[in-house]
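A structural walkthrough
Each chain, written out:
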Amino acid sequence: MRFDILTLFPDMFSSPLKESIMGRAIEKGLVQIRTVNIRDFTLDKHQVVDDTPYGGGQGMVMKVEPVARAIESVKSKNPSALTIYLTPQGKPFNQDLARRLSSQSHLILLCGRYEGVDERVRELFIDEEISIGDYVLTGGELAAMVVIDAISRFIPGVLGSERSAEEDSFFNSLLEYPQYTRPFEFRGKGVPEVLLSGNHSAISLWRRKEALRRTLLRRPDLLAKALLTEEEKGFLEEILNNDSKSDGS
Ligand code: 4H6
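The following refers to the structure shown. Note that this is a predicted model, so its numbers are computed, not measured.

1. So, the environment of Glu 162
- Mapped onto the fold, Glu 162 is located in the loop between helix H5 (141-152) and helix H6 (200-218).
- Since its relative accessible area comes to 68%, Glu 162 is described here as exposed.
- Sequence separation between Glu 162 and Glu 230 is 68 residues; the distance between their C-alpha atoms is 30 Å.

2. Focus: the pairing of strand S5 (residues 82-92)
- Sheet analysis places S5 next to strand S6 (residues 106-111), joined by five bridges and oriented parallel. Along S6, the bridge assignment pairs Ile 84 with Leu 109.
- Considered for its hand, the β-α-β crossover made up of S5, helix H3 (residues 95-101) and S6 is right-handed.
- Pairing of S5 with strand S7 (residues 128-131), which is carried by five bridges, proceeds in the parallel orientation. Directly across from Pro 92, in S7, lies its bridge partner Ser 131.

3. A word on the pattern of salt bridges
- Within the structure shown, the criterion is met by 15 salt bridges.
- Arg 99 is the salt-bridge partner of Asp 96, the closest N and O atoms lying 3.1 Å from each other. Here Asp 96 pairs with Arg 99, and both are found in helix H3, just three residues apart, close to one helical turn.
- Across the pair Asp 221 and Arg 219 runs a salt bridge whose closest N-O atoms are separated by 2.9 Å.
- One network of salt bridges, with partners in common, ties together Asp 51, Lys 63 and Glu 65.

Conventions we followed
- Residues numbered from 1 in each chain as written.
- Predicted model: local features only at pLDDT ≥ 70, side-chain atom pairs only at ≥ 80, totals over all residues.
- Heavy atoms only, no water.
- Helix = DSSP H or I, 4+ residues; strand = E, 2+ residues; numbered from the N terminus.
- Buried < 20%, exposed > 50% of the residue type's maximum accessible area, 1.4 Å probe, protein only.
- Pairing = 2+ DSSP bridges.
- Right-handed = clockwise from strand over helix to strand, strands pointing away.
- Salt bridge = Lys/Arg side-chain N within 4 Å of Asp/Glu carboxyl O.

Shape descriptors only; they carry no functional weight alone.
This is how it looks when you write it as structure tokens:
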């Protein structure tokens, strides 16, 4: 899968996507990431990319021509690439959208700065607008990295052979169960007995219950989407009746 990132700050992408899992995905050729500096598509001597807003008001607006020319330079090589604009006004990004976008072979990610791009960029070139959450960033670059990371995990081979993004907690609409590793005791705090029992069915049951408990206490909104068995609905009743504690675990 190929990502072309249109940005005024290409250096922001040099390090974060080269580490660990994303780094290996790039080495293996499963993911290709290129940055395109929008400033390279200006035609004036001073390479101006922003201008004051028509109608007045605070801040600056990204000019339409350099952005248009940058998008067209990528699209001319692959007209079927999908162009995404990262903006607080976009569709909320989530695991379902990440999975859906992972079926594309080429995404163009436009990163806005200042007060965003001239509206005519949206009208003429943008296929999807995405927001990574209800907060404001100084630019779309960090949002683009979040989107690339979440999408790439769905590409076969990126997470290694035996692990898939479909097994992740959000796939079954529940939060993850608690994890422990050595030592057996740390500052008086032990590890749940069942995890040391070697009883795999008991461990599975405990984990499922803890995932349900966490979800109920922290993110009850997720339960509406979860496919639960009658037994699991029973666990939820049990949890509601027994511990109304705020997850001290
Ligand atoms: C487009 C339009 C994405 C991009 C305006 C981008 C949050 C998200 C930006 C802006 C972003 C998100 C510029 C508006 C700075 C506020 C860049 N912020 N902003 N939630 N910022 O996905 O001022």
